[in-house]
Amino acid sequence: MARIKVENLSKKFGKVTALDDVSFEIHDNEFFVLFGPAGAGKTTILNCVAGITMPDEGVVSFDDKIMNRVEPAHRNVAMVFENYALYPNMTVYDNMASALRSKLYKNDEQTIREKVYAAAKMMKMEDLLERLPSQLSNGQKQRVAMGRALVRSPNVFLMDEPLAHLDAKLRNSMRTELKEMQSNLGSTCIYVTHDFIEAMSLGDRIAIINKGKIIQIGTGDEIYYMPTNEFVATLMGDPQINLIPAKIKSENTQYELCFPFGDREVTIDMPGDEGVFEKIQELNLCAVDIGIRPQHVLYAFEETEGYFKATIYSYESIGNKSVIIADCGDYQLRMIAPNGLRVQIDGDIYIHPVFEQSILFDFESKDYIVRYNEEAVKALASTQEVV
Amino acid sequence: MAGLTLENVYKRYDNNGKKKKVKNDYAVNDLCLKCEQGEFVALLGPSGCGKTTTLRMIAGLEEITQGNIYIGDVLANNLHPKDRKIGLAFEDYAMYPPLDVYGNVAFNLRARGVAPDEIERRVREIAPLMQIEDLLDKMPVKLSGGQKQRVNIARAIIREPELLLMDEPLSHLDGKARQAMRIEIKRLINKIKCTTVYVTHDQLEAMSLADRIAIINFGVLQQFGTPAEVYDDPVNEFVASFIGEPPMNITETKIIKKNDIFFFSFEGSNLEIEVPKRYYSVVHDGFRCKVGVRPMDVLIGDENSAGTPEEIAVFENLGDERRIGIHVGNMILMLITEDEKRYKSGDVVRLRVRGEKTHLFDIESGERIREKE
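Small disclaimer: the values here were computed from a predicted structure and weren't measured.

Procedures and definitions
- Residues numbered from 1 in each chain as written.
- Chains lettered and ligands numbered in written order.
- Predicted model: local features only at pLDDT ≥ 70, side-chain atom pairs only at ≥ 80, totals over all residues.
- Heavy atoms only, no water.
- Phe/Tyr/Trp six-rings, centres within 6.5 Å; stacked < 30°, edge-to-face > 60°.
- Helix = DSSP H or I, 4+ residues; strand = E, 2+ residues; numbered from the N terminus.
- Buried < 20%, exposed > 50% of the residue type's maximum accessible area, 1.4 Å probe, protein only.
- Lys NZ or Arg CZ within 6 Å of the ring centre and 35° of its normal.
- Lys, Arg positive; Asp, Glu negative; His and termini not counted.
- Salt bridge = Lys/Arg side-chain N within 4 Å of Asp/Glu carboxyl O.
- Polar contact = N/O pair within 3.5 Å; in protein donor to acceptor, adjacent residues only side chain to side chain.
- Contact = heavy atoms within 4.5 Å.
- Pairing = 2+ DSSP bridges.
- Buried area = accessible area lost by both parts, 1.4 Å probe.
- Nonpolar A, V, L, I, M, F, W, Y, C, P; charged D, E, K, R; others polar.
- 1 Å grid on protein atoms, 1.4 Å probe; cavity = no way out; pocket = protein on both sides within 12 Å on 5 of 7 lines; lining within 4 Å.
- Points joined across faces, edges and corners; volume = space filled by probe spheres on them.
- Core = buried A, V, L, I, M, F, W, Y, C linked by side-chain atoms within 4.5 Å.
- Axes fitted to C-alpha atoms, helices over the stretch in contact; angles between N-to-C directions.
- Parallel < 35°, antiparallel > 145°, perpendicular 65-115°, else oblique.
- Left-handed = near helix turned anticlockwise from the far one by under 90°.

## A word on the packing of aromatic side chains
Scanning the model with the defined rule gives 17 aromatic pairs over all chains in all. Measuring from centroid to centroid gives 6.0 Å for A:Phe259 and A:Phe308, while their planes differ by 80°, and the two rings are edge-to-face. One end of the pair, A:Phe259, is in strand E12 (residues 254-261); the other, A:Phe308, is in strand E16 (residues 308-317), with 49 residues separating them in the sequence. Pair check on accessibility: A:Phe259 and A:Phe308 agree, each one buried. With a centroid separation of 5.4 Å and 20° between ring planes, the pair formed by B:Phe238 and B:Phe242 is classed as stacked. Here B:Phe238 pairs with B:Phe242, and both are found in helix H8 (residues 237-242), just 4 residues apart, close to one helical turn. On the basis of relative accessible area, B:Phe242 is assigned to the buried category, the value being 14%. Here the guanidinium or amino end of B:Lys11 rests over the ring plane of B:Tyr13, the centre of that ring lying 5.0 Å away.

## Some points on the side chain of B:Lys51
Residues and elements named next belong to chain B. Within the secondary structure, Lys51 is located in helix H1 (residues 51-59). For the buried residue Lys51, which engages in no salt bridge, the nearest side chain bearing the opposite charge is Glu168, 4.3 Å off. Only 3.2 Å separates the side chain of Lys51 from the backbone oxygen of Gly45, close enough to count as a polar contact. Here Lys51 is in contact with Leu43, Leu44, Gly45, Pro46, Glu168, Val199, Thr200, His201 and Ile216, once residues within four sequence places are set aside.

## Examining the pattern of salt bridges
The full count for this structure, using the stated rule, is 38 salt bridges over all chains. For A:Lys366, the salt bridge identified is with A:Asp289, shortest N-O distance 2.8 Å. Note that A:Lys366 is positioned in the loop between strand E20 (359-362) and strand E21 (368-371) and A:Asp289 in strand E14 (residues 287-292), a separation of 77 residues in sequence. A:Lys366 gets classed as partly exposed once you look at its relative accessible area, which sits at 30%. Taken together, the salt bridges that share partners define one network made up of B:Glu118, B:Arg121, B:Arg122, B:Glu125 and B:Glu160.

## Regarding the sheet that holds strand E21 (residues 368-369) of chain B
Consider a sheet: its strands pair through backbone hydrogen bonds, and that pairing is either parallel or antiparallel. All names here are of chain B. In space, the 6 strands of this open sheet follow the order E13-E12-E11-E14-E20-E21, with antiparallel pairing throughout. Since the sheet does not close on itself, it has two edges, and those belong to strand E13 (272-274) and E21, each with one partner. Here 5 bridges tie strand E11 (residues 249-258) to strand E12 (residues 261-265), and the two strands are oriented antiparallel to one another. Pairing of Lys254 across the sheet is with Ser265, part of E12.

## Topic: the interface of chain A and chain B
Taken together, the contact pairs 37 residues of chain A with 40 residues of chain B. Between chain A and chain B, the buried area comes to about 3,300 Å², and carbon and sulfur atoms account for 46% of it. The largest contributions to the chain A side of the interface with chain B come from A:Lys169, A:Glu316 and A:Asn320, which together make up 20% of the buried area. In this structure, the connection of chain A to chain B is made through 5 salt bridges. Where chain A touches chain B, the interface holds 18 residue pairs in polar contact (both at pLDDT 80 or more). Residue assignment for the side of chain A that touches chain B shows that the elements contributing at least two residues are helix H5 (168-185), helix H6 (196-202), helix H7 (220-225), E16 and helix H10 (374-383) of chain A. Of the residues in the side of chain A that touches chain B, the class split is 12 nonpolar, 14 polar and 11 charged.

## Observations concerning empty space enclosed by the protein
All names here are of chain B. Throughout the structure, instances matching the rule amount to 4 cavities of 30 Å³ or more. Lining the largest cavity are 15 residues, and of these Phe266, Ile273, Val291, Val293 and Leu333 lie nearest its centre. Elements with a minimum of two residues in the lining of the largest cavity: E11 and strand E14 (288-293). Residue composition of the lining of the largest cavity, by class: 11 nonpolar, 4 polar and no charged.

## With respect to the nonpolar core
Of all hydrophobic cores here, the largest spans 52 residues; its most connected members are A:Phe35, A:Met96, A:Ile206 and A:Met236. Those residues within four positions of A:Met96 in sequence are excluded, and the remaining contacts are A:Val116, A:Ala119, A:Ala120, A:Met125, A:Leu129, A:Val144, A:Gly147, A:Arg148 and A:Val151. If you look at the next biggest cluster of nonpolar residues, it comprises 47 residues, including B:Leu135, B:Ala156, B:Ile185 and B:Phe242.

## Side note on the packing of helix H4 (residues 138-150) of chain A against H5(A)
Residue and element names in this part refer to chain A. Orientation of H4 relative to H5, taken along the N-to-C sense of each, is 15°, at an axis distance of 12 Å. With respect to their mutual orientation, H4 and H5 come out roughly parallel. Note that H4 runs across H5; the crossing there is right-handed. Where H4 abuts H5, its residues Gly139, Gln142, Arg143, Met146 and Leu150 lie against Leu170, Met174, Glu177, Leu178 and Leu185. Per-class residue counts for the contact of H4 with H5 are 6 nonpolar, 2 polar and 2 charged.

Written out as structure tokens, the structure is:
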């Protein structure tokens with residue numbers, strides 16, 4: 001258990017800037033996710049917290065105690081890696097007991113036994129203790145690696161993409177298990193991932209990282225519903241959010257939305273929303289990108305009032321539902337459909353984006369401006385308890 | 001273009017005298033498949049199930065132990081691979097590194113002595129289909145994984161094959177590239193309408209690409225049907241659990257009778273779910289079987305609805321959807337909802353199950369138990 005504070009962390013590897021002035025604070029017992037694309041600097045942050053990497057600048061402190069000069073072994077952190085790093089010649093029991101037997105801890109065998117069995121029970125692997133790592137499946141190996149971190153009851157858990165090696169099905173079930181165990185971990189945890197589902201599911205809060213910088217920190221709902229810019233919006237959600245470039249024209253107090261669709265230009269009245277209209281007036285907005293999630297794009301296969309005609313580019317299943325991609329000239333729109341439809345590729349489809357659910361981004365800077373139902377969304381996001 | 005027929009095909013590998021005592025099982029066991037002309041068929045199964053062996057027998061790279069393979073109306077058993085008029089695309093791109101993309105794509109035609117201007121015409125025709133026009137003068141080392149696979153597929157289809165065979169062509173690519181490439185392949189096959197056999201272990205790929213899916217396990221064909229058929233009407237427990245993500249909830253159940261109404265009951269749980277009426281002809285009090293239902297077909301009723309109150313073990317908010325896990329005995333029953341309500345673990349809910357979407361399976365064999373007509 002520890003509060004972690006990272007202030008103005010910077011790190012360069014040769015000419016490459018890995019971290020650029022990164023600051024954040026993690027509460028006691030919080031499950032904090034570092035999320036971003038490959039090469040964003042997530043693992044470097046983790047290594048700085050662990051003490052494996054020395055930052056060029058900045059301070060890492062646990063419970064207000066500066067840790068920069070403390071050896072990794074004395075920080076009382078436990079790390080779980082993507083490649084499980086088990087001792088191949090030791091049984092699962094010995095692997096889990098190895099840290100406790102080291103010079104630093106030197107626990108007696110009775111204590112070790114109790115701790116290993118407690119961790120094994122939690123990880124549901126009591127019957128694996130006598131096996132060698134070579135006799136385990138990948139999912140079981142990762143369980144052992146986590147169990148080994150668990151037995152030390154560390155102040156801080158650091159997990160670096162622990163599920164990335166597993167195939168899709170196993171990853172999903174392990175994630176659910178991890179989520180279930182979360183409240184029993186009893187430690188602050190930093191979890192690195194590039195999978196938004198893991199980030200959303202596990203994180204009490206999520207920090208989005210790109211090119212060594214923190215882009216946004218917030219709860220899953222805050223980031224999903226109010227992404228700070230288009231980059232964050234496209235990261236969160238699969239299939240990706242749709243972005244439609246549009247112009248806003250004002251007539252007295254009514255606003256019109258003008259956007260290209262196929263080979264023509266469509267103009268519609270903007271749905272009313274006080275917050276949105278206020279913002280438009282305040283900033284004198286005229287060019288925006290409209291972000292609409294795929295589940296908020298409606299479709300029909302016959303001509304329908306208020307729907308625009310487009311061509312079907314593809315239709316494919318993503319598991320329990322399917323995605324239709326429609327060609328709308330300069331851009332494509334993704335939408336959610338049920339499995340098993342008879343869809344003719346290159347056939348006609350009629351589309352109705354639900355602008356009442358959209359997010360407005362600045363056309364130039366691509367930053368978040370405002371969204372529909374902002375108040376309601378904020379209320380929803382705040383119902384999530386923060387530990 | 002031609003159809004493809006496999007008649008009672010068997011394959012047994014020699015064990016080369018290493019372990020003579022060990023009886024070798026069939027890698028492919030009595031496989032019958034009939035692919036129509038222009039059809040896209042996926043061979044789907046876990047690793048080691050015999051799907052690649054099947055593909056290699058169709059290609060002529062592997063001998064057939066027993067049975068017949070017809071390409072079109074021609075018996076292909078003893079045909080040389082080069083005479084089978086097939087195009088192949090494997091997981092590994094296996095390109096000629098000293099040749100540029102044009103040279104790689106044209107290689108086959110050159111080797112067969114096709115006239116240079118004819119080659120030129122065909123390469124120019126194929127390149128836009130695979131979107132590799134701008135890559136033609138590049139060397140393979142300069143290409144990304146996705147681009148290499150495009151070139152690889154272009155090379156397979158330039159021969160104008162009667163049959164296109166692909167073995168996990170996307171498994172080398174990362175998530176985003178794979179999804180994009182999947183769409184490209186689907187559009188390509190839709191355009192050239194070539195009979196295609198596609199090997200994969202990824203049920204998503206099979207579901208989104210194929211007209212029909214052949215699901216194989218331990219060398220034995222389990223089910224051959226359209227994506228909708230294998231998803232909604234699986235023949236056994238294996239198919240039911242292999243197709244769909246998150247997988248179908250399948251658990252053992254004991255049927256109990258209360259006031260002439262049958263209920264599913266579960267060991268170690270007080271959950272009781274009403275048995276759909278259509279199963280009344282096959283169940284009786286004390287009947288044991290497995291019951292399966294997809295996570296999308298378990299619903300949360302409101303506070304007043306009937307059913308046993310259950311405690312939520314896991315609540316996952318994934319943005320687009322929310323997943324809820326509930327302990328039933330020692331398994332976790334997963335359900336997916338798009339409802340905006342936020343729960344937390346420990347909350348009590350009442351479950352409702354879409355009765356028409358439940359499947360019963362035999363405990364021993366895993367075969368589907370169907371209601372009697």
